[in-house]
Amino acid sequence: TGLATALITRFTKEVRVVEPLAVLMMAYLSYMLADLVDWSGIISLIGCGIVQAHYSFKNISEKAHITIHYFISMLSSTMDCIIFLYLGMALVGLKDKEQLFGSGLHIMDNSLLLDCQVYWG
C-alpha cells in the first residue's frame, strides 16, 4: 500500500487536498489488510511508513506534509491521554463508570490542590 500511495500522490498535482487523505487512508488500509490475513498490523504500518517516507513524501506538497504532521501529532497526544486515563483508572481500581465520578474525581481534586500548594506554597 506504500507503493500505491506513491502512485496516487504522483498524479495529484491538480488536487492537493487528496494527498493527506491518501497517505493516511492507505496507512490504515495497510493495517486493515494485515489484520485481515492475521499478520502483524504494527509491522505492516512500519513497512508502509518506510515506503511512504521514501516515495510518497517526495510527491506531496509542503501544505500536505504539514497537515499530516499536525494530524499525527494531535492523534498521538489524544491516544497518550486515553492510555494514561486507563492506566490511572487501573491504578486506583476503578472498574465501572459510577466509581469514576466518585473516588476518581476526589483523587483528581486532591492532586490539583497539592499541585497548587506546591506551586504557590
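See above for the structure.
Just so we're clear, the structure is a prediction, and the values are computed from it rather than from any experiment.

Trainee: Break down the overall build of the chain for me, citing the residues and quoting the values.
Mentor: Within the chain, the secondary structure is distributed over five helices and zero strands. Secondary structure of the chain in N-to-C order comes out as α-α-α-α-α. Buried positions account for 21% of the 121 residues belonging to the chain. Counting only contacts in the chain whose residues sit at least 6 apart along the sequence, the fraction spanning at least 24 positions is 56%. Accessible surface, the chain as shown: approximately 9,400 Å² in total, 71% of it carbon and sulfur.

Trainee: Quick one: what's the story with the packing of helix 2 (residues 18-36) against helix 4 (residues 62-92), residue by residue and with numbers?
Mentor: Between helix 2 and helix 4, the shortest axis-to-axis distance is 8 Å and the interhelical angle comes to 45 degrees. Judged on the interaxial angle alone, helix 4 and helix 2 are oblique. Judged by the sense of rotation from one axis to the other, the crossing of helix 2 with helix 4 is right-handed. Contacts between helix 2 and helix 4 involve Glu19, Pro20, Val23 and Leu24 from the former and Ala64, Thr67, Ile68, Phe71 and Ile72 from the latter. Of the residues belonging to the contact of helix 2 with helix 4, the class tally is seven nonpolar, one polar and one charged.

Trainee: Can you explain unusual backbone geometry? Please cite residues and give values.
Mentor: Glycine aside, residues mostly have negative phi, and peptide bonds are mostly found in the trans state. Backbone geometry places Asp38, a non-glycine residue, at a positive phi of 60 degrees. Relative to the helices and strands, Asp38 resides in the loop between helix 2 and helix 3 (41-54).

Trainee: With reference to specific residues and values, describe helix 2.
Mentor: With 19 residues, helix 2 should reach 27 Å at 1.5 Å per residue; the first-to-last C-alpha distance of 26 Å fits that figure. Restricting attention to buried positions, one finds in helix 2 the residues Glu19, Pro20, Ala22, Val23, Met26, Ala27, Ser30 and Ala34. Note on helix 2: the residue one or two positions beyond its end, Asp38, has a positive phi of about 60 degrees.

About the criteria used
Residues numbered from 1 in each chain as written. Predicted model: local features only at pLDDT ≥ 70, side-chain atom pairs only at ≥ 80, totals over all residues. Heavy atoms only, no water. Helix = DSSP H or I, 4+ residues; strand = E, 2+ residues; numbered from the N terminus. Buried < 20%, exposed > 50% of the residue type's maximum accessible area, 1.4 Å probe, protein only. Contact = heavy atoms within 4.5 Å. Areas by Shrake-Rupley, 256 points an atom, 1.4 Å probe, with all protein chains shown as cover. Axes fitted to C-alpha atoms, helices over the stretch in contact; angles between N-to-C directions. Parallel < 35°, antiparallel > 145°, perpendicular 65-115°, else oblique. Left-handed = near helix turned anticlockwise from the far one by under 90°. Nonpolar A, V, L, I, M, F, W, Y, C, P; charged D, E, K, R; others polar. Expected span 1.5 Å × (residues − 1).

Scope: geometric values only; no functional claims are made or implied.
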